[in-house]
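Tertiary structure, described
Letter by letter, the chains look like this.
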Amino acid sequence: VQLVESGGGLVQAGGSLRLSCTTSGSIFSINAMGWYRQAPGKERELVAAISRGIGTYYTESVKGRFTISRDNAKTLYLQMTSLKPEDTAMYYCAAGVAIATLSTGSWGQGTQVTVSS
């Protein structure tokens, strides 16, 4: 599975961005997809995920501000609103068989999100 992210950029605090992740290859094996982020000097964290069996997952810090969705088998989105400077990070799309094992699945190259104060 190949994943390509887009939609990152520079935005002021309080603004919005929508990230997209397009997939290709053996997408029939994908049951879960998600967005990770990693800021300089910090550990990578799972921000949001979606699966056929469980539904959606959000890390506490983005609940009510971010929305994950899939419009078909090939495209994943992350709508980010009320962005904060602490949301600044490289955002990565991941795909796999389950949310719990996303980190061991397929990854994209990432898209940078920078939120200025």
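As a starting point, this report considers the structure included with it. (Residues numbered from 1 in each chain as written. Predicted model: local features only at pLDDT ≥ 70, side-chain atom pairs only at ≥ 80, totals over all residues. Heavy atoms only, no water.)

**A few points about the pairing of strand β8 (residues 75–80)**
Across the six residues of β8, five count as buried, placing the element largely inside the fold. Two strands pair when backbone bridges link them, and strand β3 (residues 17–24) and β8 are joined in this way by six bridges, in the antiparallel orientation. Note that in β8 the partner of Ser20 across the bridge is Tyr77. Pairing geometry for strand β7 (residues 66–70) and β8, over five bridges, is antiparallel. (Buried < 20%, exposed > 50% of the residue type's maximum accessible area, 1.4 Å probe, protein only. Helix = DSSP H or I, 4+ residues; strand = E, 2+ residues; numbered from the N terminus. Pairing = 2+ DSSP bridges.)

**Concerning the sheet that holds β7**
Overall, antiparallel pairing links the four strands, which are arranged β1-β3-β8-β7 in an open sheet. Of all the strands in the sheet, just β1 (2–6) and β7 have a single pairing partner and so form its edges. In this sheet, neighbouring strand axes are inclined to one another by 15° on average, regardless of whether the strands run parallel or antiparallel. Pairing of β1 with β3 involves five bridges; the strand directions are antiparallel. (Axes fitted to C-alpha atoms, helices over the stretch in contact; angles between N-to-C directions.)

**Some details on the nonpolar core**
In summary, soluble globular proteins display a tendency toward joint burial of nonpolar side chains. In this structure, Trp35, Leu78, Met80 and Tyr91 are the most contacted members of the largest nonpolar core, which totals 27 residues. Residue assignment for this core shows that the elements contributing at least two residues are β3, β4 (32–38), β5 (45–51), β7, β8, β9 (89–96) and β11 (111–116). By residue number, the principal contributor to this core is β9, which donates four residues. Among the nonpolar cores identified, the runner-up in size contains seven residues, and Tyr36, Leu46, Ala49 and Leu102 belong to it. (Core = buried A, V, L, I, M, F, W, Y, C linked by side-chain atoms within 4.5 Å.)

**Focus on unusual backbone geometry**
If a residue is not glycine, its phi is most likely negative; likewise, a peptide bond is most likely trans. Positive phi, normally seen in glycine, also occurs at Ser82, with a value near 45°. Looking at where Ser82 falls in the secondary structure, it is placed in the loop between β8 and β9. Assessed through its relative accessible area of 40%, Ser82 is described here as partly exposed.

**Examining the environment of Gln79**
Position of Gln79 relative to the elements: it lies in strand β8. Residues Gln79 and Phe66 lie 13 residues apart in sequence; the distance between their C-alpha atoms is 5.5 Å.

**Some remarks on the packing of aromatic side chains**
If you walk through the whole model with that rule in mind, you get two aromatic pairs. With 6.1 Å between their ring centres and 70° between their planes, Tyr92 and Trp107 make a pair best called edge-to-face. Highlighted residues: Tyr92 in strand β9 and Trp107 in strand β10 (residues 106–107), separated in sequence by 15 residues. Through successive ring pairs, a cluster of aromatic residues spans Tyr36, Tyr92 and Trp107. Arg44 extends its terminal NZ or CZ atom over the ring of Tyr36, reaching a point 5.4 Å from the ring centre. (Phe/Tyr/Trp six-rings, centres within 6.5 Å; stacked < 30°, edge-to-face > 60°. Lys NZ or Arg CZ within 6 Å of the ring centre and 35° of its normal.)

Any functional reading would require information that these geometric values do not contain.
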